[in-house]
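Descriptive analysis of the structure
Listed here are the chains, written in short residue letters.
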Amino acid sequence: MLFRSKTVGEPVNQIAVQLAVIVAKAARFDVPKEWPELLPALSGAVQTTDDTVQHRGLLFLHHTIKALASKRLAADRRAFHDLAGQIIGYILGLWQSLHTSLLAQVSQGAREAEVTLQKAVLSLKILRKLVIQGLKKPDENSDAMAFVGSLFAEARTLLEVRKSAPAHLKELLEKYTVLHPKIWSDLLENHPFAFIQHINTALTFVCSLCFTVQGDGLLFQRFTIFSLNLLKGVLLCMEYRPAKNIEDTRDPVTLQAHAIKAEFFRVETIDRKSVV
């Protein structure tokens, strides 16, 4: 099946979205064997310096990755794991570049900020699928874990930026910011042992913003809901619960997670972390 380069350069966004959905549906059945040129073509579009083409490339890639991630046969899962390993490094680098540019452009009031924000949202959505569903063991990928860890500081920065952002950017900025706790929750739900190294940071982040004056004027409803759901997820995670008789717990990683939670929720620790 051929993929025409002008397709990914479609100037009308609504049409581009429909094309991306159609291509993704075909890709679910034909990639990689029957349509080997699709992913290289999209990778080329994503690497271009043309804003429209790069945006459309990310849009098509997002829908395609989403479709491929939904396949459940063992052979398809292995193929998606291989794909994720091949492209996650580049997409991560692209997101970091877009995110840095976005923060600078919003602070400067640059008109390019809206397009950069749209591309940052798409690249983060792609990373969400690659990390959560594309990596069999995310904790064995140091770049992926560093990326997840960086999201806590970046989310707080975005909350600050949102306060003074232009009105026309606020809705999309909120959508972008909410993607951060969604990724944490996805990792916790699908790879709880990979999330252990982030438990203390996550609890500190949520508790400091939601239960102290540090969050005054920063939070908005959807972000608060997702943050509190993350807190609930950590507290109720079955993999973090030791046996009733702790000595009977077989997995040392479970004991590690339990110890981190127990230490965090000591009165002295809570008081220290609540200080502004």
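Report on the accompanying structure.

Rules and cut-offs
- Residues numbered from 1 in each chain as written.
- Predicted model: local features only at pLDDT ≥ 70, side-chain atom pairs only at ≥ 80, totals over all residues.
- Heavy atoms only, no water.
- Phe/Tyr/Trp six-rings, centres within 6.5 Å; stacked < 30°, edge-to-face > 60°.
- Helix = DSSP H or I, 4+ residues; strand = E, 2+ residues; numbered from the N terminus.
- Buried < 20%, exposed > 50% of the residue type's maximum accessible area, 1.4 Å probe, protein only.
- Salt bridge = Lys/Arg side-chain N within 4 Å of Asp/Glu carboxyl O.
- Patch = residues over 30% accessible without salt bridge, like charges linked within 9 Å, V, L, I, M, F, W, Y side chains within 5 Å.
- Areas by Shrake-Rupley, 256 points an atom, 1.4 Å probe, with all protein chains shown as cover.
- Contact = heavy atoms within 4.5 Å.
- 1 Å grid on protein atoms, 1.4 Å probe; cavity = no way out; pocket = protein on both sides within 12 Å on 5 of 7 lines; lining within 4 Å.
- Points joined across faces, edges and corners; volume = space filled by probe spheres on them.
- Nonpolar A, V, L, I, M, F, W, Y, C, P; charged D, E, K, R; others polar.

**Structural notes on the packing of aromatic side chains**
- Within the structure shown, the criterion is met by 7 aromatic pairs.
- Relative to Trp184, the ring of Phe152 has its centre 4.1 Å away and its plane inclined at 10°; by these criteria the two rings are stacked. Here Phe152, found in helix α6 (residues 142–164), pairs with Trp184, found in helix α7 (residues 167–190); they are 32 residues apart in sequence, far enough to count as distant.
- Residue Trp184 is classed as buried on the basis of its relative accessible area, which comes to 0%.
- Plain terms: the ring middles of Phe152 and Phe205 are 5.8 Å apart, the flat faces sit at 65° to each other, and that makes the pair edge-to-face. Highlighted residues: Phe152 in helix α6 and Phe205 in helix α9 (residues 199–210), separated in sequence by 53 residues.
- Under the relative-accessibility criterion, Phe205 is labelled buried at 6%.

**Quick look at the pattern of salt bridges**
- For the coordinates displayed, the defined rule picks out 6 salt bridges.
- A salt bridge links Lys119 to Asp51, with the shortest nitrogen-to-oxygen separation between them at 2.8 Å. Of this pair, Lys119 sits in helix α5 (residues 113–132) while Asp51 is found in helix α3 (residues 51–69), placing the two residues 68 residues apart along the sequence.
- Where Lys71 meets Asp76, a salt bridge forms, and the shortest distance between an N and an O atom there is 3.6 Å.
- Look at Lys71 and you get buried, because its relative accessible area is 12%.

**So, a nonpolar patch on the surface**
- Taken together, the side chains of Leu235, Leu236 and Phe265 present a nonpolar region at the surface, about 250 Å² in accessible area.
- Turning to its location among the elements, Phe265 is positioned in the loop between α11 (252–264) and α12 (267–274).
- The partly exposed category is assigned to Phe265, whose relative accessible area is 37%.

**Section: the side chain of Lys71**
- Within the secondary structure, Lys71 is located in the loop between α3 and α4 (74–108).
- Setting aside its immediate chain neighbours within four residues, Lys71 contacts Arg28, Val31, Asp76 and Arg77.

**Regarding the layout of surface pockets**
- The space that makes up the largest pocket amounts to roughly 380 Å³.
- As for the largest pocket, its lining consists of 19 residues, of which Val31, Pro32, Lys33, Lys71 and Ala79 are closest to the centre.
- Mapped onto the lining of the largest pocket, the elements with two or more residues apiece are α1 (13–30), α2 (38–46) and α4.
- For the lining of the largest pocket, a count of residues per class yields 12 nonpolar, 1 polar and 6 charged.
- Taken as a whole, the second largest pocket spans an internal volume of roughly 270 Å³.

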